[in-house]
Amino acid sequence: MKELSLNILDIAQNSFTAGATLTEIILEESADKLTIRIVDNGCGMSEDTLKQVSNPFYTTRTTRKVGLGIPLFRQAAEQTGGYITIQSTKDPVNHGTVITGVFNKSHIDFTPLGDIASTVCLLAQGCGEGDMVFTHKIEGKETVELDTRALREVLQGVPLSNPDVQLWIKAYTTQQYEK
Amino acid sequence: MKTLAELAQIREKMKDKVGIREGVNGVRIVVGMATCGIAAGARPVLNTLVEEVSKEGLSATATVTQTGCIGICQYEPVVEVFEAGKEKVTYVKVTPDMAKRIVAEHIKGGKPVAEYTIGNYKI
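Just so it is clear, the model here is predicted, and its values are computed rather than measured.

About the thresholds
Residues numbered from 1 in each chain as written. Chains lettered and ligands numbered in written order. Predicted model: local features only at pLDDT ≥ 70, side-chain atom pairs only at ≥ 80, totals over all residues. Helix = DSSP H or I, 4+ residues; strand = E, 2+ residues; numbered from the N terminus. Rg over C-alpha atoms; globule rule 2.2 N^0.38 Å. Contact = placed C-beta atoms within 7 Å. Buried ≥ 20, exposed ≤ 12 C-beta atoms within 10 Å, placed from the backbone. Nonpolar A, V, L, I, M, F, W, Y, C, P; charged D, E, K, R; others polar. Pairing = 2+ DSSP bridges. Axes fitted to C-alpha atoms, helices over the stretch in contact; angles between N-to-C directions. Left-handed = near helix turned anticlockwise from the far one by under 90°. pLDDT = per-residue confidence, 0-100.

Our focus in this paragraph is the overall build of chain B. Helix and strand counts for chain B stand at five helices and four strands. Here chain B has a C-alpha radius of gyration of 15 Å; the compact-globule value for 123 residues is 14 Å, and the two agree. If you line up chain B on its principal axes, its C-alpha atoms span 50 × 30 × 25 Å. A separation of at least 24 residues holds for 65% of the contacts in chain B among residues at least 6 apart in sequence.

Set out below in structure tokens:
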């Protein structure tokens with residue numbers, strides 16, 4: 001993956017597939033550190049699955065035999081001296097998964113975040129019936145936010161995947177970074 | 001400056017188009033967005049498809065959506081076009097430039113770009 005925003009797009013798909021009604025993507029950035037957290041209330045993973053997810057030869061897919069989403073995210077973090085943690089539970093009430101990646105930005109092998117606005121609009125397109133909240137806190141700057149629940153209220157049934165809506169989401173997110 | 005008021009305008013423009021609410025549009029464009037697709041460059045392809053569909057004024061009749069791994073990872077980015085009553089068309093190794101042509105000639109013009117299809121792909 002050439003950009004961390006691509007890893008985010010990839011990992012968040014798992015939350016949608018897990019049937020999450022709410023997926024939160026929270027980025028916290030200081031001068032030297034970037035923390036990426038993906039929090040969902042999807043079905044969660046069993047302890048056995050949790051042990052396997054960093055293994056590239058484990059996947060729930062049947063179309064192929066490898067699963068590289070989590071391993072690539074982990075590699076991207078570890079190559080900067082960072083790490084990832086995964087908490088997940090299938091608890092009937094509080095089911096869900098939290099994936100956290102911590103990155104040292106000044107490390108020479110830090111992958112840039114890249115085109116995050118493109119990822120945000122595709123996440124809004126891909127979250128289906130569920131909702132997605134994106135938050136990017138940058139030290140000394142205004143927080144960038146996008147909450148599909150607020151957009152749905154305005155859209156009244158017009159889907160988030162509508163191409164005109166998609167372009168609006170991308171431009172709306174981009175302009176927040178330009179402030 | 002993008003505002004919620006502008007989003008409401010888009011809603012007004014689209015609300016009469018019953019098809020988009022029920023997902024029974026004429027053309028469905030699907031892009032493989034699993035790890036394999038994303039790593040091969042599917043995101044800019046999908047973004048380009050969305051931009052071109054909007055630019056050509058096809059937002060009410062064509063949908064662009066994502067899917068998981070289609071199982072032909074070596075051909076990613078893969079774009080599939082579904083149209084009622086027609087056979088599925090599968091485009092492989094798609095780039096943003098190819099995506100522009102697909103929208104102009106196939107989605108708008110109704111004629112698939114044969115040279116980009118999987119059947120025409122030379123290994």
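Quick look at the overall build of chain A now. If you tally the helices and strands in chain A, you get six helices and six strands. In chain A, the order of α-helices and β-strands from amino to carboxyl end is α-β-β-α-α-β-β-α-β-β-α-α. For chain A, whose C-alpha radius of gyration is 16 Å, the value lies close to the compact-globule estimate of 16 Å for 179 residues. Taken over 179 residues, chain A has a buried fraction of 45%. A separation of at least 24 residues holds for 62% of the contacts in chain A among residues at least 6 apart in sequence.

Here we take up the interface of chain B and chain A. Each partner contributes residues to the interface: chain B has 31 residues there, and chain A has 33 residues. Elements with a minimum of two residues in the side of chain B that touches chain A: helix 1 (4-14), helix 2 (18-22), helix 3 (35-40), helix 4 (42-55) and strand 2 (62-67) of chain B. The residue inventory of the side of chain B that touches chain A, partitioned by class, reads 16 nonpolar, eight polar and seven charged.

All names here are of chain A. When strand 3 (residues 83-89) meets strand 4 (residues 96-104), the two strands line up antiparallel, connected through seven bridges. Within strand 4, the residue paired with Ile86 across the bridge is Ile99. Connecting strand 3 to the next strand, strand 4, in antiparallel fashion are six residues.

Note on sheets: strands pair through backbone hydrogen bonds, and any given pair is parallel or antiparallel. Residue and element names in this part refer to chain B. With mixed pairing, the four strands of this open sheet are ordered in space as 2-1-3-4. Of all the strands in the sheet, the pair left with one neighbour each is strand 2 and strand 4 (89-91). Sheet twist, expressed as the average angle between the axes of neighbouring strands with direction ignored, equals 20 degrees. Sheet topology places strand 1 (residues 27-32) next to strand 2; six bridges connect them, and they run parallel. Paired with Ile29 across the two strands is Val64, which belongs to strand 2.

Following the sequence through the fold, Thr35 of chain B ends up in helix 3. If we ignore the near neighbours within four places in the chain, the residues touching Thr35 of chain B are Asp10, Leu68, Gly69 and Leu72 of chain A.

Let's shift gears to the packing of helix 4 of chain B against helix 5 (residues 96-108) of chain B. Residue and element names in this part refer to chain B. The N-to-C vectors of helix 4 and helix 5 enclose an angle of 35 degrees; their axes lie 8 Å apart at closest approach. Helix 4 and helix 5 meet at a crossing whose hand is right-handed. Only Pro96, Ala99, Lys100, Val103 and Ile107 of helix 5 make contact with helix 4, whose side of the interface consists of Pro44, Val45, Thr48, Leu49, Glu52 and Val53. Along the lines of polarity and charge, the residues of the contact of helix 4 with helix 5 split into eight nonpolar, one polar and two charged.

Let us look at unusual backbone geometry. One can expect most non-glycine residues to show negative phi and most peptide bonds to be in trans. Residue and element names in this part refer to chain B. Here the bond from Glu76 into Pro77 is cis, since omega is -5 degrees, no more than 30 degrees from zero. By the secondary structure assignment, Pro77 is in the loop between strand 2 and strand 3 (79-83). With a phi angle near 50 degrees, Lys93 is a residue other than glycine that sits in the positive phi range. Note that Lys93 resides in the loop between strand 4 and helix 5.

Next up on the list: the confidence of the model for chain A. Per-chain confidence: chain A averages 93 in pLDDT, with 97% of residues scoring 70 or above. Taken element by element, the predicted model of chain A shows its lowest mean pLDDT in helix 2 (residues 47-52) of chain A (85) and its highest in strand 5 (residues 131-138) of chain A (98).

This brings us to the sheet that holds strand 1 (residues 22-29) of chain A. Residues and elements named next belong to chain A. Taken together, the six strands give an open sheet; going across it, the order is 3-4-2-1-5-6, and neighbouring strands pair in mixed fashion. Across the chains shown, the open sheet's two edge strands, defined by having one partner strand only, are strand 3 and strand 6 (144-147). This sheet shows a mean twist of 10 degrees between the axes of neighbouring strands, independent of strand direction.

Within helix 3 (residues 69-78) of chain A, seven of the 10 residues are buried, leaving the element largely enclosed by the surrounding structure. Within the span of helix 3 of chain A, buried status applies to Gly69, Ile70, Leu72, Phe73, Arg74, Ala76 and Ala77 of chain A. On its buried face, helix 3 of chain A is in contact with helix 1 (4-17), strand 3 and strand 4 of chain A together with helix 3 of chain B.

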